[in-house]
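Chain by chain, the residues:
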Amino acid sequence: MSAEFSPLDLANLPATVEKPSYDRSVLKPRIAHIGFGAFARAHTAMHLHETLAAVGGDWGMRVIELFGTADLFDKLAQNDYFYTLVETSDDDTNLRLLGAVCDTQHVARDGIEALVNGLAEEQLKIISLTVTEKGYCVKNDALDTDNAMIQHDLENIAAPKTAIGLIVAGLAKRKELGNGPITVMSCDNLPNNGVLTGIAVREFAQKLDGELAAWIEENVSFPSTMVDRIVPALTDESRALIKESLGGQTDLNGIVCEPFRQWVVEDNFKAGRPEWEKAGAQLVADVEPFEEMKLRTLNGSHSFLAYLGFLAGKETIAECMADPVFAAETRKLMVDEQRPTLHMPGDVDLVAYADMLLKRFANSQLKHRTWQIASDGTQKMPQRWLNSVRHHLKAGTDHRHLILGVAGWMHYIRQDRNGESYELQDPMAEQLQSIVAEKGADAKAYVDALLALDTVFPQDLVGDERFTKAVHDAYAKVAAVGTAAAVAALAA
Ligand code: CS2
C-alpha cells in the first residue's frame, strides 16, 4: 500500500482548496482525542480548526487509536497532519484542508505506555472521545464488569485495551505527577454522555484505588455534549470525489460529509477550553433537552429507516427519502411520536427541526448506507426509541411507528433479506444469532426471547402487555405482508 503513497503536494492543489490561515507551528497537544474515525475528523477536529482560524492560539489536537493499524496515522503525519474535508449536498460542495491535528499516537506503533503517559502531560487539558456507544462499557447505567475487556483492564491497568481503562491509567499517572485537573468529554450519541462517561471512569477507578477515585472526583469534569453531523463511512464514490476535488491527488485521510453541523456543549471544563463558540458551538448549562431532541428525532428516524428501509431493498437514506411513503411515515415518526416526548427550552421549533432533518436525509451526494446505521442496534434502540415508547404507554397515545421500528430490527437481525444474507454488526451478535437459530422458526418464542434481553428492553416495558402485544403483532405483520407494505400500512 505505502509503495503507492505520495504525500500531498500542497503547492499544487487546486485554488478551490482552502488552507488553514492560522499559525500551526505554535500548536501543542492540549486536547487528546480517542477514536479518530470519520465523525471526529468532520466534527470535533473541524470545530477546533475553525476556532483556531477565528482566534488563533495553541490548542492543538493529538489523535489516539487503540485498534487496527497505524497506517492512516503514518500518512497523516507525512502530510504534516493536514487532511481534506469535503462538505457536499445537492446544492453545493465546499472543500478545505483542516489543520488542528498536531500529533498522532497509535497503540500498535507507539505502545500503550506512550498513550498513558501522553494523557498525563501537563499541557494537556481535555481528553475527548468518539468511541461509539459500545466503547463506554456501561450496562444498565453502571460499569459493565462482565465485559471481558474491562476485566482485562482491571487486572492489567498498565496495558489497558479499552478507552475507559486508558483514561483511568492516564489519570492515575497524572495524579502521580501532580499535573493538575483535566476534562473528559464524550462526543458520542448517548443520552447524558458526560454522566455515563463519569460513571464508567469513576467506577473503574474505585475498583482500582479509592484514593484515585477521590482525586478524580476533585480534579476531573465530565461535560455532556450533543453532536450532530452526518458523516457516512467512506465509499469508493466518496474517495473518488476527494481525489477529483484535489485535482487528482490522493488523501487517504480525507472525509466527505454534509454541510450541516451542530454542537451543543455543557460548559463544565476543569482546566480551560478553546473558544469553540467562535466556531458556532453552543455552550450551555444543560445539554439534555438537545441530546434527547437529536437522539430521538434524528437518530430515531435513522434507525427506523435503517432496518425497515434496508429490508425493503433501500441501500441509502437518500433512497428512502425518494420514496414518498417512507418520507411521509418518517415525518410522522418525528412529529407525532417523538416530538411529544421532548421538552425544549425557548424557541426551538420541533416541526421545523423535523423538516430540516428530512431535507438533510434527502442529500443524495452522501450515500449514507442503511446497513451502516443498522449496526449496533442493541446499543442504540433504548435511547432512540424505547424511552419514547415509555412516554406513550404512560400517556396512552399512539406510537405505532416506534413499534414497527422494533419489529423491523427483530427481522433485520435474522440476516435474511428475501433470501439474501448480510453481515450483522453488533456487540451482541453471537447471542442474537443463537436466538435466531434456536427460536427463529416460532415467531412467538422468537419475539419473547428478544424481549427478554434485559440490557436492551427495560423491565417496565416488557412487563406491560400493551407493549409486548404490539411488538408481536408488528412482527407478524412484517412477516405476513413484507416490510414496504407494513410501512405503507402505518398511514391507515
Ligand atoms: C447514525 C449517526 O450511524 C448512526 O447510527 O444515526 O451516525 C448519525 O448519522 C449522526 O448521529 C448524525 O449526527
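As the structure is a prediction and not an experimental result, all values here were calculated from the model. (Residues numbered from 1 in each chain as written. Predicted model: local features only at pLDDT ≥ 70, side-chain atom pairs only at ≥ 80, totals over all residues. Heavy atoms only, no water.)

### Description of the site of the ligand
Rule in force here: Nearness of a residue to a molecule or strand requires only that one of the residue's heavy atoms be within 4 Å of it. We define a polar contact as two N or O atoms separated by no more than 3.5 Å, with the added condition that, inside protein, one atom must be a possible hydrogen donor and the other a possible acceptor, whereas residues neighbouring each other in sequence contribute only through side-chain atom pairs. Areas reported as accessible are Shrake-Rupley estimates using a 1.4 Å probe. Residue values count occlusion only from the protein chains shown. Helix numbering and strand numbering both begin at the N terminus, where a helix is a DSSP run of H or I of at least 4 residues and a strand a DSSP run of E of at least 2.
Taken together, Asn189, Asp228, Arg229, Lys294, Leu298, Asn299, His302, His368, Ile373, Lys380 and Arg384 make up all the residues around the ligand. Side-chain polar atom of asparagine 299 to an oxygen atom of the ligand: 3.0 Å apart, as the coordinates give it. Notes on the ligand: free accessible area 350 Å², of which the protein chains cover 88%. Looking at the shell around the ligand, the elements with two or more residues in it are helix H11 (288-311) and helix H16 (377-395). Looking at which element gives the most residues to the shell around the ligand, the answer is H11, with four residues.

### So, the sheet that holds strand S4 (residues 93-98)
The following threshold applies: When DSSP finds at least two bridges between two strands, those strands are taken to pair. Angles run from 0 to 180 degrees between N-to-C directions of axes, and those axes are lines fitted to C-alpha atoms, restricted for helices to the stretch in contact. The criterion used for residue contact is that any of the two residues' heavy atoms lie within 4.5 Å.
If you walk across this open sheet you meet the three strands as S4-S3-S12, and the pairing is mixed. Every interior strand has two partners, whereas the edge strands, S4 and strand S12 (255-257), have only one. Taking the axes of each pair of neighbouring strands and ignoring which way they run, one obtains an average angle of 20° across the sheet. Running at roughly 110° to strand S3 (residues 83-88), helix H10 (residues 236-245) makes contact with S3, S4 and S12 of the sheet.

### Quick word on the environment of serine 128
Inspection of the secondary structure assignment puts serine 128 in strand S6 (residues 126-129). Taking C-alpha positions, serine 128 is 32 Å from leucine 432, a pair spaced 304 residues apart along the chain. Excluding anything up to four places from it in sequence, serine 128 contacts Ile31, Ala32, His33, Ile34, Thr44 and Met185.

### Overview of the packing of aromatic side chains
In plain terms, the rule: To pair, rings of Phe, Tyr and Trp, with the six-membered ring standing in for Trp, must have centres within 6.5 Å; the planes then decide the type, stacked if under 30 degrees apart, edge-to-face if over 60, and tilted in the middle. The buried label applies to any residue whose accessible area, calculated with a 1.4 Å probe on protein chains only, is under 20% of its type's maximum; exposed applies above 50%, and partly exposed to all values in between. Here, a charge over a ring means that NZ of Lys or CZ of Arg falls within 6 Å of the ring centre while also lying within 35 degrees of the ring normal.
Throughout the structure, instances matching the rule amount to twelve aromatic pairs. Relative to phenylalanine 467, the ring of phenylalanine 457 lies with its centre 6.5 Å away and its plane at 45°, an arrangement referred to as tilted. Here phenylalanine 457 is found in the loop between helix H19 (443-451) and helix H20 (459-462), whereas its partner phenylalanine 467 is found in helix H21 (residues 465-481), with ten residues between them in sequence. Pair check on accessibility: phenylalanine 457 and phenylalanine 467 agree, each one buried. Taken together, Tyr307, Phe310, Trp385, Tyr412 and Tyr422 form an aromatic cluster joined through their ring pairs. The positively charged end of arginine 24 is found above the aromatic ring belonging to phenylalanine 82, 4.0 Å away from the centroid. Sitting above the plane of the tyrosine 446 ring, arginine 414 keeps its charged end 5.1 Å from the centroid.

### Some details on the nonpolar core
In plain terms, the rule: We call a set of buried residues a nonpolar core when its members are Ala, Val, Leu, Ile, Met, Phe, Trp, Tyr or Cys and they connect through side-chain atoms within 4.5 Å of each other. Per the annotation, domain bounds derive from an automatic or database assignment of domains.
The biggest cluster of nonpolar side chains holds 72 residues, and the ones touching the most others in it are Trp409, Met410, Tyr412, Phe457 and Phe467. With ten residues, the single largest contributor to this core is H11. Residue-level mapping places this core at the junction of two domains, with at least three residues from each of domain 1 (3-284) and domain 2 (288-489). Ignoring anything within four residues of it in the chain, the contact list for tyrosine 412 reads Tyr307, Phe310, Leu311, Trp371, Ala374, Tyr422, Glu423 and Leu424. Membership of the second largest hydrophobic core comes to 38 residues, among which are Leu115, Ile127, Leu190 and Phe204.

### Brief notes about unusual backbone geometry
In the Ramachandran plot, aspartate 141 falls in the positive-phi region, its phi being about 60° despite a non-glycine side chain. When you line up the elements, aspartate 141 lands in the loop between strand S7 (138-139) and strand S8 (142-143). At lysine 367, a position not held by glycine, the phi torsion is positive, near 50°. Assignment of secondary structure puts lysine 367 in the loop between helix H14 (350-361) and helix H15 (370-373).

### Quick word on the sheet that holds strand S2 (residues 59-65)
Ordered by their spatial adjacency, six strands build an open sheet running S5-S2-S1-S6-S9-S10, and the pairing between neighbours is parallel. Edge positions in the sheet fall to strand S5 (101-106) and strand S10 (220-221), since each has one partner strand and no second. Relative to S10, strand S9 (residues 182-186) runs parallel, the two sharing two bridges. Following the sheet pairing, isoleucine 182 is matched in S10 by valine 220.

### Quick look at the environment of leucine 212
For leucine 212, the position within the fold is in helix H9 (residues 210-219). Sequence separation between leucine 212 and valine 168 is 44 residues, and the spatial gap between their C-alpha atoms is 8.8 Å. Ignoring sequence-local partners within four residues, the contact set of leucine 212 consists of Val168, Leu171, Ala172, Lys175 and Ala205.

### Some points on helix H17 (residues 400-412)
Given 3.6 residues per helical turn, the α-helix brings residues three or four places apart onto the same face. Spelled out, the test is: Helix span, as expected, comes to 1.5 Å for every residue beyond the first.
Across its 13 residues, H17 extends 18 Å between first and last C-alpha, which sits within 8% of the 18 Å expected from 1.5 Å per residue. Within H17, twelve of the 13 residues are buried, leaving the element largely enclosed by the surrounding structure. Along H17, the positions that sit buried rather than exposed are His401, Leu402, Ile403, Leu404, Gly405, Val406, Ala407, Gly408, Trp409, Met410, His411 and Tyr412.

### Some remarks on the domain arrangement of the protein
Put simply, the rule is: Two parts placed together each lose some accessible area under a 1.4 Å probe, and adding up what both lose gives the buried area. We define a salt bridge as a side-chain nitrogen of Lys or Arg found within 4 Å of a carboxyl oxygen belonging to Asp or Glu. Each residue receives one of three labels: charged for Asp, Glu, Lys and Arg, nonpolar for Ala, Val, Leu, Ile, Met, Phe, Trp, Tyr, Cys and Pro, and polar for the others, Gly being one of them.
The domain architecture assigned to the protein consists of domain 1 (3-284) and domain 2 (288-489). Each of domain 1 and domain 2 was reduced to a C-alpha centroid, and the two centroids are 29 Å apart. Contact with domain 1, which involves 31 residues of that partner, is made by 30 residues of domain 2. Taken together, the two surfaces of domain 1 and domain 2 that pack against each other cover about 2400 Å², and 56% of this comes from carbon and sulfur. Here domain 1 and domain 2 share five salt bridges between them. Between aspartate 376 and lysine 134 there is a salt bridge, and its shortest N-O distance comes to 2.5 Å. A per-element tally of the side of domain 1 that touches domain 2 places strand S11 (residues 225-228) first, with four residues. A per-class count over the side of domain 1 that touches domain 2 returns eleven nonpolar, eleven polar and nine charged.

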